[in-house]
Amino acid sequence: MALRDFTRDEFGTSAARPSEGHIQAVNALLAKLRRPLEGAVSDLERVAREVEHGPASTGQLHELLRRKSRAHDWVRATERVWDFYFDVFGQRTQEPYNQWLLSCDRIALDCYQHVYMHLGSNRSIPAPPPFTYMRTGFSPATYRRNIPLRKLGRQLNPFPLVQLPYHRLVNPWTMGAIMHEVSHNLQNELGLEEAVPRSILRTFRAAGIDQRVAAIYGQWNREIFGDVMGCLLGGEAFVASLLDVIGRSPEQAMGFNPHGVHPTPYLRTFISTELLRRMGFPEAAATYDKAWRRLYPSTAGSNLPPALVRTAKDAIPAVVEAVAFTRFPSLGDRSLRQVITFGPRHQLMIEEAAQRLARGTDPGVVPERFLIGAVRIAVDRKLADPERLMRNFYLELSRR
């Protein structure tokens, strides 16, 4: 009974509770774990009966203890999974976190829906959708569908999980991170986990860029993809949110880790501004570039490989071309830019929504993800008190 299935009703009656799909997916995982557990218990009971009708030898007693240990290990493995989802689902019963997380679920779902509605050919619809939960700490994270998780004892995660730090949730203008984390999941769901690094290497080769440099950008491909998708989905607000995070000391911003999966922050910004420029925002891109170069006017004294610095002016446009403007068969022979068409008219929608959020009026039919940009603009322009803006942001998203 302690490792029973979950039911939706035990997590409240509000819209924030886990969907039936999420409950069913976790219960299926628990059922998979219970099968070997039940087998181990049956074996234990069989050996126990043999010993009971003894007299038992030392060997039989040791075998009984081994069977007991095996059953105990399966109990612990199943309990670990049960406990994890009980904690994650249980957050949906607590105010105000349940409404905050429901709002984030809706932003994540909006990203998925926009992409899948604009593919050039049919793809099977992934289910269940991403599920967000809160943790303390600095950085957001995500756990993709059907990958083994250490948190689950290496069992396969049945749906995308997006982990959000508490401090981001109370400052929603910093939550461009949702679009980045969701994009990690989309790279796999769209069958681009191998196609994107191949595209980077192919594009760099065609441009005559040092293949050692190409290999570094290929190693960074997942984080570059997250930034590219985030920018395509959210525009200027995403880039501003990214700069908040990666604007660190010169040593950190220009530090190069040969084994790292994140682009060196100094170069990472220019990838986003190059894309922003090509999306139709040359002035915003120039403003961010100027500010970034003022913060970091020289790479002298850094450990950035000279080839990486020397080729940046060619490599950055090439990587944007490879990821955002190359057609992929799994997208229906479309590029990401053709699938996600965010442009200046959408930015105008975000700016109007910012005014409405500040007044506490209905921001209208803007997509959920646009409200991140709207609340950021409202904070940056001091259109209202930040606490009021946070409240209005979650009120609007949770009521939809």
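Let us look at the structure shown here.

Rules of the game
- Residues numbered from 1 in each chain as written.
- Predicted model: local features only at pLDDT ≥ 70, side-chain atom pairs only at ≥ 80, totals over all residues.
- Heavy atoms only, no water.
- Helix = DSSP H or I, 4+ residues; strand = E, 2+ residues; numbered from the N terminus.
- Contact = heavy atoms within 4.5 Å.
- Areas by Shrake-Rupley, 256 points an atom, 1.4 Å probe, with all protein chains shown as cover.
- Lys, Arg positive; Asp, Glu negative; His and termini not counted.
- Charge placed at Lys NZ, Arg CZ, Asp CG, Glu CD.
- Salt bridge = Lys/Arg side-chain N within 4 Å of Asp/Glu carboxyl O.
- Buried < 20%, exposed > 50% of the residue type's maximum accessible area, 1.4 Å probe, protein only.
- Axes fitted to C-alpha atoms, helices over the stretch in contact; angles between N-to-C directions.
- Parallel < 35°, antiparallel > 145°, perpendicular 65-115°, else oblique.
- Left-handed = near helix turned anticlockwise from the far one by under 90°.
- Nonpolar A, V, L, I, M, F, W, Y, C, P; charged D, E, K, R; others polar.
- 1 Å grid on protein atoms, 1.4 Å probe; cavity = no way out; pocket = protein on both sides within 12 Å on 5 of 7 lines; lining within 4 Å.
- Points joined across faces, edges and corners; volume = space filled by probe spheres on them.
- Polar contact = N/O pair within 3.5 Å; in protein donor to acceptor, adjacent residues only side chain to side chain.

Here we look at the overall build of the protein
When helices and strands are tallied, the protein shows 18 helices and 5 strands. The long-range share in the protein, meaning contacts at least 24 apart out of those at least 6 apart in sequence, stands at 73%. For the protein, the computed accessible surface area is about 18500 Å², with 53% contributed by carbon and sulfur atoms. Positive and negative charge centroids in the protein, built from 52 and 41 side chains respectively, lie 4 Å apart.

Quick look at the pattern of salt bridges
Scanning the model with the defined rule gives 20 salt bridges in all. Note that Arg-145 is salt-bridged to Glu-189, the shortest N-O span being 2.8 Å. Remark: Glu-189 occurs in helix α5 (residues 177–189) and Arg-145 occurs in the loop between β2 (141–143) and β3 (148–149); sequence separation between them is 44 residues. Since its relative accessible area comes to 14%, Arg-145 is described here as buried. Judged by relative accessible area, which is 16%, Glu-189 ranks as buried. Of the charged contacts, one joins Glu-321 and Arg-278 as a salt bridge, the two residues approaching to 2.8 Å between their closest N and O atoms. Of this pair, Glu-321 sits in helix α14 (residues 312–324) while Arg-278 sits in helix α11 (residues 265–278), and the two are 43 residues apart along the sequence.

Examining the packing of α11 against helix α12 (residues 282–295)
In the contact formed by α11 and α12, the axes pass within 8 Å of each other and the chain directions differ by 165°. One way to sum up the angle between α11 and α12 is to call them roughly antiparallel. With respect to the hand of their crossing, α11 and α12 are arranged in left-handed fashion. For the pair α11 and α12, the contacting residues are Pro-265, Tyr-266, Thr-269, Phe-270, Thr-273, Leu-276 and Arg-277 in the first and Pro-282, Ala-284, Ala-285, Ala-286, Tyr-288, Asp-289, Trp-292 and Arg-293 in the second. When the residues that make up the contact of α11 with α12 are grouped by side-chain class, the tally is 10 nonpolar, 2 polar and 3 charged.

A word on the layout of surface pockets
In this structure, the largest pocket spans a volume of roughly 660 Å³. As for the largest pocket, its lining consists of 33 residues, and the residues nearest its centre are His-180, Glu-223, Val-245, His-262 and Arg-268. The element contributing the most residues to the lining of the largest pocket is helix α9 (residues 236–246), with 5 residues. Looking at the lining of the largest pocket residue by residue, the class counts come to 12 nonpolar, 13 polar and 8 charged.

Looking at the side chain of Gln-347
Here Gln-347 shows up in helix α16 (residues 344–359). In this structure Gln-347 touches Glu-236, Phe-281, Phe-342 and Ile-377, once residues within four positions along its chain are discounted.

Structural notes on the side chain of Thr-273
Structurally, the position occupied by Thr-273 is in helix α11. Residue Thr-273 is classed as buried on the basis of its relative accessible area of 1%. At 2.7 Å, the side chain of Thr-273 and the side chain of Asp-289 are in polar contact. Ignoring anything within four residues of it in the chain, the contact list for Thr-273 reads Ala-285, Tyr-288 and Asp-289.

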